[in-house]
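# Notes for the structure review
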Amino acid sequence: MSIEVKDVTYTYSPKTPYASTALKGVTLRIEEGEYVGVIGKTGSGKSTFIQHLNALIRLQSGEIKVYDIDLTAKKPDLKRLRGTVGMVMQYPEYQLFDETVEKDVSYGPKNLGLDDREIKERVREAITLVGLDYEDIRDRSPFELSGGQKRRVAIAGVIAMRPKVLVLDEPIAGLDPKGKQEILALVKKLKASFSPTVIVVSHDMDSVAENCDKIALFSDGEIARFASPREIFYDDELLAKTELDCPSVVKVAKELSRLGMSLPSMPVTKAELIAALRERRAHG
Amino acid sequence: MPITFKNVTYEYPTEGDPVPAVRDVSLEIADGSFVCVLGENGSGKSTLAKLMNGLLSPTHGEVLVDGETTNTEEEEALFSIRRKVGMVFQNPDNQMIASIIEDELAFGPENLGVPREEIEERITYALEAVGMTEHRHHTPYKLSGGQKQRIAIASVLAMKPKTLVLDESTAMLDPKGRREVLKVAHELNRQGITVILITHYMEETVSADRVIVMSEGSVVMDGTPAKVFGDRDAVRRYHLELPISDYLAEKLREAGFDLPQKIYDEKSLAEEICRSK
């Protein structure tokens, strides 16, 4: 099971003087179980790309297959697609709309046509998974919750669909450090339960380096590179070309090597850097 | 002192028992300083900011701006306070009103009755200060987030404030936009403007003169960045995050590396690691 994207090109307002091409020949394949970071400057095509994955944006040219759902088909099975790919938009708390938390979280599963008992079960599960007390919060208005709670309710609305693929657009933007850690831990927990594949758009290179198996680096609507964090953050030419920031850990490692201290490996996570320094020290 | 808080408490109006968002805060912001305010969501940071220019007035206590109290109903007095303390908020899209940048910047001074010629001068100065001169006749809608925040800062500068309060103005920006806004804030500070930066990004505080930490409405820490982040227990207690280079230094010290307490950034960490071998 995988997501296959082949030669996808997308132009906003085509055939008008305002036409602008946001994606150019994007090709990649994401395997089930991967945690993929989507990075690149603002305007590089990241959001346009992920919105293709659950057909919020309809394919103009190229091919996309999400598991066995073919988006190239004339009438793709959108219902099944949206049950498969859960999309958490930027600042999802702005999209809460219903009177109670329970009703808001039920909206997605209801649209999947599930029966009431199943919906209730999933809603309870989703609210509990995001770390909120179901009994305590179900009848409250989403609008009287704190910012962090609202964001978690919004995410619960997506995971109540039990998506196989979880797509998040800047899930930690604007959160305080504690809120950030909570959301990142939640994503890990979801990945371990029913959303084995996670795709995250992020500007936070430190969290991308810590969490992702692979990175899709966008630049001017194209994929500049689809590779491991190590391959990307140690390619200075690529970094310069795409004006990409390095994670702090990589900055430290590069500075060390500039000062003449070579490390036995190329660390990208904090744990790797510390291990590499300890190892180097142990061997004199 | 441009801004002084004397035992300030603020309670948002509510139906039940009021919960103070700011509790008995006393502090003085020194002229020309660069002050960062940190704290969890809901700790009272933004309320503190809004008390600084009379957008909110204290339930108890008093806020003085250049000696003038913000506890006033008089519009003239409030205008004078808001002219001195300019604010820029989080969302760049909610702060633009005009369709041309020049008009956006003229809006404030026009309302003050500043003569046309001086408005021209102020617009030129403000755009230059934020590095956006070439956009004078453009529309703000097509700008990047960082550019929009720079225009929001410029429209505050057109009022010639002594103090600039940035209330999480970098929170919604990408790294490039954040760097742009911070650069402008530091440049203005060098020119003598007092800057109060409210943020969740610990690394933005590194070059500040002073860091104030809020928790549950109270000021719980106040000092230089080195002093505040040097208190590891407090950092954990108030759910702050060490800047990554500080975190790494701490872990390496635990592993037996001999590193000094003061680590400024990745570069200084690397230098200290080399020195310690």
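Here is a short report on the structure shown in this document. (Residues numbered from 1 in each chain as written. Chains lettered and ligands numbered in written order. Predicted model: local features only at pLDDT ≥ 70, side-chain atom pairs only at ≥ 80, totals over all residues. Heavy atoms only, no water.)

### Some remarks on the overall build of chain A
Inclusion rule: The helix and strand labels rest on DSSP assignments: H or I over at least four residues marks a helix, E over at least two residues marks a strand, and numbering proceeds from the N terminus. Each radius of gyration is computed over the set of C-alpha atoms, and the globule rule expresses the reference value as 2.2 Å times the number of residues to the power 0.38. For every residue, the accessible area obtained with a 1.4 Å probe (protein chains only) is divided by the maximum for its type, and the residue is called buried under 20%, exposed over 50%, and partly exposed between those limits. Whether two residues are in contact is decided by their heavy atoms, any of which lying within 4.5 Å being enough.
Counting secondary structure elements, chain A contains twelve helices and ten strands. Against the globule reference of 19 Å for 284 residues, chain A gives a C-alpha radius of gyration of 20 Å, in line with a compact fold. Projected onto its principal axes, the C-alpha positions of chain A cover 65 × 50 × 35 Å. The burial tally for chain A puts 52% of its 284 residues in the buried class. Counted over contacts in chain A with a minimum sequence separation of 6, partners at least 24 positions apart contribute 63%.

### Considerations on helix 12 (residues 270–282) of chain A
Operational definition: A helix's residues, less one, multiplied by 1.5 Å, set its expected span. Here, the arc refers to the directions that run from the helix axis to the C-beta atoms.
The end-to-end C-alpha distance of helix 12 of chain A, which contains 13 residues, comes to 18 Å, matching closely the 18 Å that a straight helix rising 1.5 Å per residue would cover. Residues of helix 12 of chain A that are buried: L273, I274, A276 and L277 of chain A. Around the axis of helix 12 of chain A, the buried residues are gathered within 160 degrees of arc, so they sit on the same side. In helix 12 of chain A, the exposed residues that point more than 90 degrees away from the buried face are A271 and A282 of chain A. Check the buried side of helix 12 of chain A and you find it contacts helix 11 (248–258) of chain A together with helix 9 (244–254) and helix 10 (266–276) of chain B.

### Observations concerning the pairing of strand 6 (residues 85–88) of chain A
Residues and elements named next belong to chain A. The cut-off we apply is this: Should DSSP find at least two bridges between two strands, the strands are regarded as paired.
Side chains V85 and M87 project from strand 6 onto one buried face, and the interleaved G86 and V88 project onto a second face that is buried too. Across four bridges, strand 6 lies against strand 7 (residues 165–169) in parallel orientation. Following the sheet pairing, M87 is matched in strand 7 by V167.

### Details of the packing of helix 6 (residues 147–159) of chain A against helix 7 (residues 177–192) of chain A
A pair of packed helices is characterised by two quantities: the angle between their axes and the separation of those axes. Residues and elements named next belong to chain A. To be explicit about the condition: Lines fitted to C-alpha atoms define the axes, with helix axes restricted to the stretch in contact, and inter-axis angles between N-to-C directions lie between 0 and 180 degrees. Each angle is binned into one of four classes, with values under 35 degrees roughly parallel, values over 145 roughly antiparallel, values of 65 to 115 roughly perpendicular, and all other values oblique. A crossing counts as left-handed when the near helix is turned anticlockwise from the far one by less than a right angle, and as right-handed when that turn is clockwise.
Here helix 6 crosses helix 7 at 15 degrees, and the two axes come no closer than 12 Å. By the angle class used here, helix 6 and helix 7 are roughly parallel. Here helix 6 runs over helix 7; the crossing is right-handed. The segment helix 6 lies against helix 7, with R151, R152, I155 and I159 engaging E182, I183, L186 and L190.

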